[in-house]
Amino acid sequence: MSEALVATEVPGAAVPGVSGARQFWRRLRAQRAAMVAAAVVALLVLVALAAPLLAAIEGQDPTTYHPSLIDSARGGVPIGSFGGADADHWLGVEPQTGRDLFARLVYGARVSLGVALGATAVQVLLGVVVGVAAALGNRWVDQLLSRITDIIAAMPLMIMALALLAVVPSSFPRPVLVALIIGFVAWGAIGKIARAQTLTLKELDYVAAARLSGWGTLRIARRELLPGLAAPVITYAALMVPANITIEAALSFLGVGVKPPTPSWGQMLSTADVWYQAAPQYLLLPAAALFVTVLALTVLGDGIRTALDPRAASRLRVGTGRRQESKADESKAGKEGTV
């Protein structure tokens, strides 16, 4: 009963079961750009998961040095054209170290996507728990949790992350540490969204009916409120993933993120700035991987937002949106002309 009420009273605010999932999938498929982005994201995830297999097929690994493939007389420039690319090293090798670029790129996808998804999971968990608790608590609980959320949201993420990463011992697994720090420092925005949406949902009739029937607060939150939070939380989480990838790359670029020899796209960029003339592929390959990943995730996140809430127009005017809008305008104009 409550799911049906969510669907009728708060359109686009939840995915209320099988029919709602089908509607969401139909709306998402209508956006060609989002589907292309989803295919790119799926391919990136597959590459990240199959990184050991791909590196084994090439016959290389991301940490082995190949000093014979670099010209020490020229400062460590790879020997051969295109950065030393050949049948054994498909994308060439790194300057100075001779490590295989293809192996480091595919393993770097693991780090970038893993850190971003882990940080997003922490952000969603903390934000939803604190936001729902603030909305359902008494006035003092709401004031306390809301002020904590405001403080977290106002914190400068990069400065806090730099400070925390600098004091944690290097023995702690760095990718896990980066994901945890980003998640713990940047959950304020989703906490505000969860609180605002919960305040709206708890005034609806089906929540009042559940309260009158004797349900406890935890049961109401789990059975009645969390389904209503699905759409805004999923939407915001989809847009946080590319932002977290960028943050991880920036931290690794600054030298406080993922440490060598663990491969990371941001770390590769941090050491590639002096090689862009002698070995341009060393700079262009991780930069292109970051650009494609962030662009695909951003377009997919916008498509998910539009599919979950069809009343909100897409911010990215790509795909079939313009044609659909023009057809709707023509249909509306035709109806007005016949009246």
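Residues numbered from 1 in each chain as written. Predicted model: local features only at pLDDT ≥ 70, side-chain atom pairs only at ≥ 80, totals over all residues. Heavy atoms only, no water.

Summarise helix 12 (residues 265–272); cite the residues concerned and give the values.
The buried fraction of helix 12 is high, at six of eight residues. Here helix 12 has its buried residues at Trp265, Gly266, Gln267, Met268, Leu269 and Ala272. In the core, the buried residues of helix 12 are packed alongside helix 5 (101–136), helix 11 (217–253) and helix 13 (280–308). (Buried < 20%, exposed > 50% of the residue type's maximum accessible area, 1.4 Å probe, protein only. Helix = DSSP H or I, 4+ residues; strand = E, 2+ residues; numbered from the N terminus. Contact = heavy atoms within 4.5 Å.)

Break down the pattern of salt bridges for me, with residues and values.
Taken as a whole and assessed by the stated rule, the structure comprises six salt bridges. Among the salt bridges present, the one from arginine 99 reaches glutamate 94, with a minimum N-O distance of 3.0 Å. On the basis of relative accessibility, which here comes to 8%, the residue arginine 99 falls in the buried class. When its relative accessible area of 1% is taken as the criterion, glutamate 94 is described as buried. In the salt-bridge network here, residues are joined through shared partners; they are Glu94, Arg99 and Arg104. (Salt bridge = Lys/Arg side-chain N within 4 Å of Asp/Glu carboxyl O.)

With reference to specific residues and values, describe a nonpolar patch on the surface.
Where nonpolar side chains cluster on the molecular surface, the patch consists of Phe172, Val176, Leu180 and Phe184 and spans about 330 Å² of accessible area. Examined against the element boundaries, leucine 180 turns out to sit in helix 8 (residues 174–185). Since its relative accessible area comes to 31%, leucine 180 is described here as partly exposed. (Patch = residues over 30% accessible without salt bridge, like charges linked within 9 Å, V, L, I, M, F, W, Y side chains within 5 Å. Areas by Shrake-Rupley, 256 points an atom, 1.4 Å probe, with all protein chains shown as cover.)

Help me get a handle on the packing of helix 5 against helix 9 (residues 188–201), residues and values and all.
At a minimum axis distance of 7 Å, the contact between helix 5 and helix 9 shows a crossing angle of 40°. Classed by the angle they form, the pair helix 5 and helix 9 counts as oblique. The hand of the helix 5/helix 9 crossing is right-handed. Mapping the contact onto sequence places Gln123, Val124, Gly127, Val128, Gly131, Val132, Ala134, Ala135 and Leu136 in helix 5 and Ile190, Gly191, Ala194, Arg195, Thr198 and Leu199 in helix 9. (Axes fitted to C-alpha atoms, helices over the stretch in contact; angles between N-to-C directions. Parallel < 35°, antiparallel > 145°, perpendicular 65-115°, else oblique. Left-handed = near helix turned anticlockwise from the far one by under 90°.)

For the confidence of the model for the protein chain, give the residues involved together with the corresponding values.
A residue-level look at the protein chain finds 85% of positions with pLDDT of 70 or above and a mean pLDDT of 82. Put simply, helix 1 (residues 2–9) is where the protein chain has its lowest mean pLDDT, 39, and helix 3 (residues 32–49) is where it has its highest, 94. This model gives residues 318–322 a pLDDT under 50, and the stretch forms seven contacts once residues within four places in sequence are excluded. (pLDDT = per-residue confidence, 0-100.)

I'd like to hear about the packing of aromatic side chains, residue by residue, with values.
Across all of its chains, the model carries one aromatic pair by this definition. Arginine 139 extends its terminal NZ or CZ atom over the ring of tryptophan 140, reaching a point 4.7 Å from the ring centre. A cation over an aromatic ring shows up here: arginine 219 above the ring of tryptophan 215, its NZ or CZ 4.1 Å from the ring centre. (Phe/Tyr/Trp six-rings, centres within 6.5 Å; stacked < 30°, edge-to-face > 60°. Lys NZ or Arg CZ within 6 Å of the ring centre and 35° of its normal.)

An account of the side chain of glutamate 58 is needed here, citing residue identities and associated values.
Along the chain, glutamate 58 turns up in helix 4 (residues 51–58). Buried and unpaired, glutamate 58 has no salt bridge, with arginine 104 as the nearest side chain of opposite charge at 11 Å. A distance of 2.9 Å separates a polar atom in the side chain of glutamate 58 from the backbone nitrogen of tryptophan 90. Apart from the residues within four sequence positions on either side, glutamate 58 is in contact with Asp88, His89, Trp90, Asp100, Phe102 and Ala103. (Lys, Arg positive; Asp, Glu negative; His and termini not counted. Polar contact = N/O pair within 3.5 Å; in protein donor to acceptor, adjacent residues only side chain to side chain.)

An account of helix 11 is requested, with residue identities and associated values reported.
The first and last C-alpha atoms of helix 11 sit only 46 Å apart over 37 residues, clearly below the 54 Å expected at 1.5 Å per residue. Maximum bend of helix 11: about 45°, positioned at leucine 225, with proline proline 227 one to four residues after it. Of the residues trailing helix 11, glycine 255 is marked for its positive phi of about 90°. (Expected span 1.5 Å × (residues − 1). Bend = angle between axes of the 7 residues up to and from the residue.)

Run through unusual backbone geometry, naming residues and quoting values.
For the bond running from proline 260 to proline 261, omega is 5°, close enough to zero to count as cis. Its location among the elements puts proline 261 in the loop between helix 11 and helix 12. Of note in the backbone geometry, glutamine 96 takes a positive phi value of approximately 70° without being a glycine. Residue placement: glutamine 96 occurs in the loop between strand 2 (77–78) and helix 5.

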